[in-house]
Amino acid sequence: EAAAVGQAFLLDQDDITFGSHRSHSEVLARGLSSITKTSPDALEQTMRAFFDGTTFDVVKNKRPDADTKDLAIDFLLYGALAEIFARKTGFHKGMGGSMHVFFQPFGIYPNNAIVGGSAPIATGAALFKKVNDKNGIVIANIGDGSLGCGVVYESMNFASMGQFDTLWDKKGGLPVLFNVMNNGYGMGGQTQGETMAYDYLARIGA
């Protein structure tokens, strides 16, 4: 998904991304962006510390002479694919699988097997940031099919409640961005005219 690349390009280490249903593109885009923006020393420390270097050892043994940035790219690709294929050297020892690939040190928070499930989780994370004066924003990556789920609308409403301005000293809504991947399909059916009430997704954004 091209949108994942555009969003990842602009995010920094204070921002966090919650993935959509099997969000491999978001994991790779955000991971590569984080690698680009992180120093080689910090990257090596992160990779060696993760699960006592189990995943890092695999890529290091394959390319012992590669520089740290190239190893980090291999680490990201291998860790994600090993997780998808249920290998113990995956990012979560193969227990998360395709729908739950994530790597928090790179700002990649969990994907979600529940359609639209990232919307309320990201909203809660944004509330945490606001209450605790944390820097950065939170991204909720969801598909157009998730706009048939009530909790997505509830999350959008909660994130922009007027009470944040009228009752709080910390003015403004929550630091969350709802990124809807509009591929025209949701749960096996086309969204336009079949499973959703809108004609054009941009109307909901407006």
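Everything below is about the structure shown above.
(A) Here's a closer look at the packing of helix H2 (residues 24-36) against helix H5 (residues 68-84). Contact pair H2 / H5: the axes reach a minimum separation of 10 Å and the direction vectors enclose 160°. By the angle between their axes, H2 is roughly antiparallel relative to H5. The chirality of how H2 crosses H5 is right-handed. Seen from H2, the contacting residues are His24, Val27, Leu28, Gly31, Leu32, Ile35 and Thr36; seen from H5, they are Lys69, Ala72, Ile73, Leu76, Leu77, Ala80 and Ile84. In terms of residue class, the contact of H2 with H5 is built from 10 nonpolar, three polar and one charged.

(B) Spatial organisation of the pattern of salt bridges. For the structure shown, the criterion picks out three salt bridges. Salt-bridge contacts for Asp74 lead to Arg63; the nearest nitrogen and oxygen are separated by 2.8 Å. On the criterion of sequence distance, the pair formed by Asp74 in helix H5 and Arg63 in the loop between helix H4 (54-62) and H5 is long-range, its members being 11 residues apart. Between Lys170 and Asp133 there is a salt bridge; the shortest N-O distance is 3.7 Å. Taken together, the residues span a long stretch of sequence, with Lys170 in the loop between helix H8 (163-166) and strand S4 (176-181) and Asp133 in the loop between helix H6 (118-131) and strand S3 (138-143) at a distance of 37 residues. On the basis of relative accessible area, Asp133 is assigned to the exposed category, the value being 58%.

(C) Inspection of the environment of Thr54 at higher detail. Summarising the element assignment, Thr54 is placed in helix H4. Sequence separation of Thr54 and Lys93 is 39 residues, and the distance between their C-alpha atoms is 9.8 Å. Of the polar contacts made by the side chain of Thr54, one reaches the backbone oxygen of Phe51; its length is 2.7 Å.

(D) View of the sheet that holds strand S1 (residues 16-18). The strand order S2-S1-S3-S4 describes an open sheet built from four strands, whose pairing is parallel. Of all strands in the sheet, those with a lone pairing partner are strand S2 (108-109) and S4, marking the two edges.

(E) Structural detail: the pairing of S3. Here S3 lies mainly inside the structure; five of its six residues are buried. Alignment of S1 against S3, held across three bridges, turns out to be parallel. Bridge pairing links Thr17 to Ile139 in S3. Sheet topology places S3 next to S4; six bridges connect them, and they run parallel. What sits directly across from Ile142, in S4, is Val180.

(F) Up close: unusual backbone geometry. Positive phi outside glycine occurs at Asp52, with the angle close to 55°. Asp52 gets classed as exposed once you look at its relative accessible area, which sits at 74%. The backbone of Ala86 sits at a positive phi, close to 60°, despite the residue not being glycine. Within the element layout of this structure, Ala86 appears in the loop between H5 and S2.

(G) Examining the packing of aromatic side chains more closely. Counting across every chain of the model gives 11 aromatic pairs. Residues Phe50 and Phe51 carry aromatic rings whose centres are separated by 4.6 Å and whose planes lie at 45° to one another, so their mutual orientation is tilted. For Phe51, a relative accessible area of 33% puts it in the partly exposed group. Each member of the aromatic cluster is reached from another via a ring pair, and the members are Phe50, Phe51, Phe75, Phe91, Phe103 and Phe106. Here the guanidinium or amino end of Lys93 rests over the ring plane of Phe51, the centre of that ring lying 4.7 Å away.

(H) Expanded view of the nonpolar core. In this structure, Phe75, Leu76, Phe91, Phe103, Phe106 and Ile108 are the most contacted members of the largest nonpolar core, which totals 19 residues. Put simply, the parts of the chain that give this core at least two residues each are H2, helix H3 (40-49), H4 and H5. Phe103 has contacts with Thr46, Phe50, Phe75, Phe91 and Ile108, leaving out every residue within four places of it along the chain.

Calculation notes
Residues numbered from 1 in each chain as written. Predicted model: local features only at pLDDT ≥ 70, side-chain atom pairs only at ≥ 80, totals over all residues. Heavy atoms only, no water. Axes fitted to C-alpha atoms, helices over the stretch in contact; angles between N-to-C directions. Helix = DSSP H or I, 4+ residues; strand = E, 2+ residues; numbered from the N terminus. Parallel < 35°, antiparallel > 145°, perpendicular 65-115°, else oblique. Left-handed = near helix turned anticlockwise from the far one by under 90°. Contact = heavy atoms within 4.5 Å. Nonpolar A, V, L, I, M, F, W, Y, C, P; charged D, E, K, R; others polar. Salt bridge = Lys/Arg side-chain N within 4 Å of Asp/Glu carboxyl O. Buried < 20%, exposed > 50% of the residue type's maximum accessible area, 1.4 Å probe, protein only. Polar contact = N/O pair within 3.5 Å; in protein donor to acceptor, adjacent residues only side chain to side chain. Pairing = 2+ DSSP bridges. Phe/Tyr/Trp six-rings, centres within 6.5 Å; stacked < 30°, edge-to-face > 60°. Lys NZ or Arg CZ within 6 Å of the ring centre and 35° of its normal. Core = buried A, V, L, I, M, F, W, Y, C linked by side-chain atoms within 4.5 Å.

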